[in-house]
Amino acid sequence: MAMASVAIYPGSFDPLTNGHLSIINRGLAIFDQLIVAIANNPNKRPLFSVEERRSLIRGAVGPEPRVEIDSFDGLLVEYAKRRSCRVILRGLRAVSDFESEFQLANMNRTLLPDFETVFMMTGEDYFYISSQLVREVAQFGGDVSGLVPQNVLEAFQRKVAPPAAARGSGT
Ligand code: ADP
């Protein structure tokens with residue numbers, strides 16, 4: 001039998017959105033195993049800690065044994081070497097993603113020649129969803145249900161104070 005195919009799906013996941021979840025589910029249709037790798041980059045001043053992000057991903061993905069959730073510091077190629085994995089999975093939302101992803105994929109291949117990046121085009125329902133936008137909307141009290149899984153929605157509700165209007169004055 002052929003060796004199990006494994007891909008690393010790296011990102012900040014701050015927090016996981018339905019766009020990420022869709023890439024994970026579609027990735028599982030192609031790869032035997034996915035390692036969802038949370039980049040620990042304190043310079044990005046994340047809203048959710050790595051541990052919070054990890055448990056939100058697990059909560060949304062469920063007990064699926066083909067998905068491992070891990071985190072890494074530093075260079076992705078070094079992490080990939082440690083995990084003996086040469087394939088990474090990325091989602092492509094829009095033309096704007098293309099340029100930076102193109103640079104990143106080529107840089108990674110320069111650093112590690114047999115490294116391969118596989119891109120998946122995002123579904124039309126998700127192309128406008130980014131963690132950053134979702135964070136901003138939620139922090140200003142906007143409704144992000146439909147953009148993130150239910151457990152992430154609840155995590156937002158715990159983390160950011162509800163807006164005055166939603167607190168319900170009874171009038
Ligand atoms: P980063 O901080 O590296 O941009 P993200 O957590 O935002 O990481 O995203 C991780 C990966 O998921 C990237 O490949 C990104 O393009 C992809 N992604 C993010 N949002 C979506 C979405 N709505 N649909 C499809 N792919 C997405």
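Placed above this text is the structure.
Cut-offs used in this document
Residues numbered from 1 in each chain as written. Predicted model: local features only at pLDDT ≥ 70, side-chain atom pairs only at ≥ 80, totals over all residues. Heavy atoms only, no water. Core = buried A, V, L, I, M, F, W, Y, C linked by side-chain atoms within 4.5 Å. Buried < 20%, exposed > 50% of the residue type's maximum accessible area, 1.4 Å probe, protein only. Helix = DSSP H or I, 4+ residues; strand = E, 2+ residues; numbered from the N terminus. Contact = heavy atoms within 4.5 Å. 1 Å grid on protein atoms, 1.4 Å probe; cavity = no way out; pocket = protein on both sides within 12 Å on 5 of 7 lines; lining within 4 Å. Points joined across faces, edges and corners; volume = space filled by probe spheres on them. Near = heavy atom within 4 Å. Polar contact = N/O pair within 3.5 Å; in protein donor to acceptor, adjacent residues only side chain to side chain. Areas by Shrake-Rupley, 256 points an atom, 1.4 Å probe, with all protein chains shown as cover. Sits in = over half its atoms within 2 Å of the grid points. Pairing = 2+ DSSP bridges. Right-handed = clockwise from strand over helix to strand, strands pointing away. Axes fitted to C-alpha atoms, helices over the stretch in contact; angles between N-to-C directions. Nonpolar A, V, L, I, M, F, W, Y, C, P; charged D, E, K, R; others polar. Expected span 1.5 Å × (residues − 1). Arc of directions from axis to C-beta. Phe/Tyr/Trp six-rings, centres within 6.5 Å; stacked < 30°, edge-to-face > 60°.

**Student:** Teacher, can you tell me more about the nonpolar core here?
**Tutor:** Within soluble globular proteins, side chains that are nonpolar tend to cluster in buried spots. Residues Ile24, Val36, Ile57, Leu89 and Val144 are the most contacted members of the largest nonpolar core, which totals 31 residues. Secondary structure elements with two or more residues in this core: β1 (6-11), α1 (18-28), β2 (33-39), α2 (50-61), β3 (67-72), α5 (131-139) and α6 (150-159). In contact with Val144, not counting residues within four places along its chain, are Val134, Val137, Ala138, Leu153 and Phe156. The next biggest cluster of nonpolar side chains, apart from the first, holds 13 residues, and it includes Ile8, Ala37, Tyr79 and Ile88.

**Student:** Help me out: how do you make sense of the side chain of Asn108 in this one?
**Tutor:** Looking at the secondary structure, you find Asn108 in helix α4 (residues 95-111). The contact partners of Asn108, leaving out residues within four places of it in the chain, are Leu76, Val77 and Phe115.

**Student:** Looking at this structure, how should I read the layout of surface pockets?
**Tutor:** The gaps of empty space that remain are located by a probe, the size of a water molecule, rolled over the atoms. There is about 1,100 Å³ of room inside the largest pocket. Considering the residues around the largest pocket, the lining is formed by 39 residues, among which Pro10, Gly11, Ser12, Lys44 and Arg90 are closest to the centre. Among the elements of the structure, β1, α1, β4 (87-92), α4 and α5 are those that each provide at least two residues to the lining of the largest pocket. With seven residues, the top contributor of residues to the lining of the largest pocket is α4.

**Student:** I tried to follow the site of the ligand on my own but got confused; where do I start?
**Tutor:** The environment of the ligand is made up of 17 residues, and the closest members are Tyr9, Ser12, Gly91, Thr122 and Ile129. Interatomic distance of 2.5 Å between a side-chain N/O atom of Ser12 and an oxygen atom of the ligand. One nitrogen or oxygen atom from the side chain of Lys44 is found 2.9 Å from an oxygen atom belonging to the ligand. Summarising the interface, the protein chains cover 89% of the accessible area of the ligand, which totals 550 Å² for the free molecule. More than half of the atoms belonging to the ligand lie within 2 Å of the grid points that define the largest pocket.

**Student:** So what exactly am I meant to see when it comes to the pairing of strand β5 (residues 116-121) here?
**Tutor:** A regular strand carries its side chains on alternate faces of the sheet. Direction of pairing for β4 relative to β5: parallel, over a ladder of six bridges. Paired with Gly91 across the strands is Met120, a residue of β5. With α4 bridging β4 and its parallel neighbour β5, the resulting β-α-β unit is right-handed.

**Student:** Got a minute to help me understand the packing of α2 against α6 in this structure?
**Tutor:** The packing of two helices is summarised by the inter-axis angle and the distance between the axes. Taken N-terminus to C-terminus, the directions of α2 and α6 make an angle of 145 degrees; their axes are 9 Å apart at the nearest point. Taking contact as the criterion, the partners of Glu52, Ser55, Leu56, Gly59 and Ala60 in α2 are, on α6, Asn151, Val152, Ala155 and Lys159. Among the residues forming the contact of α2 with α6, the class breakdown is four nonpolar, three polar and two charged.

**Student:** Before we go on, may I ask you to explain α1 in this structure?
**Tutor:** Note that an α-helix has 3.6 residues per turn; residues three or four places apart therefore point the same way. Counting buried positions along α1 gives nine out of 11 residues, so the element sits mostly inside the fold. Every buried residue of α1 is accounted for by Asn18, Gly19, His20, Leu21, Ser22, Ile23, Ile24, Gly27 and Leu28. Its side-chain oxygen placed 3.1 Å from the backbone nitrogen of Gly19, Thr17 serves as the N-cap of α1.

**Student:** What exactly am I supposed to notice about α2 here?
**Tutor:** In this model α2 runs 16 Å from its N-terminal to its C-terminal C-alpha over 12 residues, within 8% of the 16 Å that 1.5 Å per residue would give. Among all positions in α2, only Val50, Arg53, Leu56, Ile57 and Val61 are buried. Along the axis of α2, the buried positions cluster into a sector of 125 degrees, meaning they face one direction only. On the buried face of α2, the contacting elements are α1, β2, β3 and α6.

**Student:** How should the packing of aromatic side chains be read in this particular structure?
**Tutor:** Here a ring pair, both rings aromatic, is described through the centre-centre distance and the interplanar angle of the planes. All told, the structure shown has five aromatic pairs when counted by the stated rule. Ring centres of Phe48 and Phe156 lie 5.5 Å apart, and the angle between their planes is 70 degrees; this geometry places the pair in the edge-to-face category. Of this pair, Phe48 sits in the loop between β2 and α2 while Phe156 sits in helix α6, and the two are 108 residues apart along the sequence.

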